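This is what each chain is made of:
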Amino acid sequence: MKNGISIFNGLIWVLTWFGFMLLYTFLDVAVWKKIFPGWQKYFHIIVIILCTASFLFLLVRKNAFRIEILKNISGKGILSAVGCSILFFFILDKGLDVILANAFPSSEASYQEALISLSKTPIITLIQVCLLAPVLEEILMRGFLLGGWSIVYGKPAALLISSLVFALLHFNMVQTLSAFFCGVVLGLLYLHTESLFCCILAHAGYNFISYITTILPLCQK
């Protein structure tokens, strides 16, 4: 990103995306579930796609922000991204998340309920969790916030603040603390490679590993 942004401006755009999230969640629960229960999951994913596309369009148009996903791709960057995905799985899924689950049982219960809900629509969940979320979150968190804040406040401060914002977007204590760790590592990956593609790959790769080890087994129950 060539132009710096203020913390206030960055947070406004995070809140804007939060508004889109509230919109598609409200439509799913209050409209599609009641009026079109048999088609709920299809309407839901379509609205998520439309919300994601609309938000990115506004982000680009209002900030003269260029989304350059295919810029600065290298073999070393791709290997680093794959390594980050594996690192996340072993440190978080097999380590920190287990500790946090015991420390915050109510949050863990809510998280498990969310996983069970996601397991009911495995294909749509795959699209949402392993494609849409990584693309949107890396463009917003790393490309826009980290890139823009680095110009104004310096890389260390931008890395810390963007990681905190990324963590807070996950709401649940079990996810929030893990997301902060992910935010720091993904931020370092972005600062090192200057590649959105590598960040998206690392994020999507981790989500996919978690998907096949956590969500898919629930589909069989």
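Here, every reference points to the structure presented above.
Residues numbered from 1 in each chain as written. Predicted model: local features only at pLDDT ≥ 70, side-chain atom pairs only at ≥ 80, totals over all residues. Heavy atoms only, no water.

A.B. asks: With reference to specific residues and values, describe the packing of helix α7 (residues 173-193) against helix α8 (residues 196-219).
C.D. replies: For the pair α7 and α8, the least separation of the axes is 8 Å and the interaxial angle reads 150°. On the basis of their axis angle, the class for α7 and α8 is roughly antiparallel. The interaxial crossing formed by α7 with α8 has right-handed handedness. Counting all contacts with α7, which are made through Cys 182, Leu 186, Leu 189, Tyr 190 and Thr 193, the residues of α8 involved are Leu 196, Cys 198, Cys 199, Ala 202, His 203 and Tyr 206. Counted by class, the contact of α7 with α8 contains nine nonpolar, two polar and no charged residues. (Axes fitted to C-alpha atoms, helices over the stretch in contact; angles between N-to-C directions. Helix = DSSP H or I, 4+ residues; strand = E, 2+ residues; numbered from the N terminus. Parallel < 35°, antiparallel > 145°, perpendicular 65-115°, else oblique. Left-handed = near helix turned anticlockwise from the far one by under 90°. Contact = heavy atoms within 4.5 Å. Nonpolar A, V, L, I, M, F, W, Y, C, P; charged D, E, K, R; others polar.)

A.B. asks: Mind laying out the packing of helix α5 (residues 122-153) against α8, listing which residues take part and the relevant values?
C.D. replies: Any two packed helices are characterised by how steeply their axes cross, that is the angle between the axes, and by the distance between the axes. Contact pair α5 / α8: the axes reach a minimum separation of 9 Å and the direction vectors enclose 150°. By the criterion of interaxial angle, the relationship of α5 to α8 is roughly antiparallel. Crossing of α5 against α8: the hand is right-handed. Classifying every residue of the contact of α5 with α8 gives 17 nonpolar, four polar and three charged.

A.B. asks: Can you tell me about the nonpolar core, naming the residues and giving the values?
C.D. replies: Judged by nonpolar contacts, the single largest core of 50 residues is most densely connected at Trp 17, Phe 55, Phe 88, Met 141, Phe 144 and Leu 145. Going through the elements one at a time, α1 (7-35), α2 (40-63), α3 (75-103), α5, α6 (155-168), α7 and α8 are the ones with two or more residues in this core. Counting residues per element, this core draws most heavily on α5, which supplies 10 residues. Not counting chain neighbours up to four residues away, the residues in contact with Met 141 comprise Val 14, Leu 146, Ser 162, Val 165, Phe 166 and Leu 169. Counting six residues, the second-largest nonpolar core is a separate cluster that includes Leu 115, Val 129, Cys 130 and Ile 215. (Core = buried A, V, L, I, M, F, W, Y, C linked by side-chain atoms within 4.5 Å. Buried < 20%, exposed > 50% of the residue type's maximum accessible area, 1.4 Å probe, protein only.)

A.B. asks: Break down the environment of Val 14 for me, with residues and values.
C.D. replies: By secondary structure assignment, the location of Val 14 is in helix α1. Residue Val 14 is classed as buried on the basis of its relative accessible area of 7%. Here the alpha-carbon distance between Val 14 and Ser 162, two residues 148 residues apart in the chain, equals 10 Å. When sequence neighbours within four positions are dropped, the list of residues in contact with Val 14 reads Met 141, Leu 145, Val 165 and Leu 169.

A.B. asks: Give me the packing of aromatic side chains: which residues, what numbers.
C.D. replies: Across all of its chains, the model carries 14 aromatic pairs by this definition. With 6.1 Å between their ring centres and 80° between their planes, Phe 88 and Phe 181 make a pair best called edge-to-face. A residue pair is termed long-range when its members are at least 10 positions apart, and Phe 88 in helix α3 and Phe 181 in helix α7 qualify at 93 residues. The exposure class of Phe 88 is buried, given its relative accessible area of 1%. Here Phe 181 falls in the partly exposed class, since its relative accessible area comes to 26%. Of the aromatic side chains, those joined through ring pairs into one cluster are Trp 13, Trp 17, Phe 20, Tyr 24 and Phe 55. (Phe/Tyr/Trp six-rings, centres within 6.5 Å; stacked < 30°, edge-to-face > 60°.)

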